[in-house]
Amino acid sequence: MKPTKYMPKIGTLDGASFWKNAYAHQRGKLLKKVNVPEDQIIGLVNKKYMELPAALRYEIETSGIDKKELQ
């Protein structure tokens, strides 16, 4: 199906590859941008991407955040 002006394309972030190659402070920035509470960020930055809750992974991937914003 071809995207039209009525069907905007959702910008996605490849969360798994970003998470694998990012340092803890970059992961923390990403989690702050998707409104994760500060006390949970500390525990989540050291987990593997697939260990994150599914809802959080979905929010990260569809948030529209660009990798350049997190560098």
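Residues numbered from 1 in each chain as written. Predicted model: local features only at pLDDT ≥ 70, side-chain atom pairs only at ≥ 80, totals over all residues. Heavy atoms only, no water.

Quick notes on the overall build of the protein chain
Regarding its fold elements, the protein chain presents four helices and zero strands. Within the protein chain, the fraction of its 71 residues that count as buried is 31%. Pairs at least 24 residues apart make up 56% of the contacts formed inside the protein chain by residues separated by at least 6 positions. In the form shown here, the protein chain has an accessible surface area of approximately 5,400 Å², with 55% of it arising from carbon and sulfur atoms. (Helix = DSSP H or I, 4+ residues; strand = E, 2+ residues; numbered from the N terminus. Buried < 20%, exposed > 50% of the residue type's maximum accessible area, 1.4 Å probe, protein only. Contact = heavy atoms within 4.5 Å. Areas by Shrake-Rupley, 256 points an atom, 1.4 Å probe, with all protein chains shown as cover.)

Some points on the confidence of the model for the protein chain
Model confidence for the protein chain is summarised by a mean pLDDT of 83, while 85% of its residues fall at 70 or above. Across the protein chain, helix H3 (residues 38-44) holds the top mean pLDDT of 92, while helix H1 (residues 15-21) sits lowest at 87. (pLDDT = per-residue confidence, 0-100.)

Observations concerning the side chain of arginine 57
Here arginine 57 lies in helix H4 (residues 54-61). Glutamate 61 is the oppositely charged side chain nearest to the buried, salt-bridge-free arginine 57, at an N-O distance of 5.5 Å. Not counting the four nearest positions on each side in its chain, arginine 57 is found in contact with Tyr49, Met50 and Leu52. (Lys, Arg positive; Asp, Glu negative; His and termini not counted. Salt bridge = Lys/Arg side-chain N within 4 Å of Asp/Glu carboxyl O.)

A closer look at the environment of lysine 33
Along the polypeptide, lysine 33 turns up in helix H2 (residues 24-33). Each C-alpha atom of the pair lysine 33 and isoleucine 60 lies 8.8 Å from the other, and the pair is 27 residues apart in sequence. When sequence neighbours within four positions are dropped, the list of residues in contact with lysine 33 reads Ile65, Glu69 and Leu70.

Quick look at the packing of aromatic side chains
This model, assessed by the stated rule, comprises one aromatic pair. Ring plane angle 50 degrees and centroid distance 6.1 Å describe the contact between tryptophan 19 and tyrosine 49, whose orientation is recorded as tilted. Pair noted here: tryptophan 19 is in helix H1 and tyrosine 49 is in the loop between H3 and H4, with a separation of 30 residues, a long-range link. With a relative accessible area of 6%, tyrosine 49 lands in the buried category. (Phe/Tyr/Trp six-rings, centres within 6.5 Å; stacked < 30°, edge-to-face > 60°.)

Notes on the nonpolar core
Judged by nonpolar contacts, the single largest core of 17 residues is most densely connected at Leu30, Leu31, Val36, Leu52, Leu56 and Ile60. Elements that contribute at least two residues to this core include exactly H1, H2, H3 and H4. When sequence neighbours within four positions are dropped, the list of residues in contact with leucine 30 reads Leu13, Phe18, Trp19, Ile60, Ile65 and Leu70. (Core = buried A, V, L, I, M, F, W, Y, C linked by side-chain atoms within 4.5 Å.)

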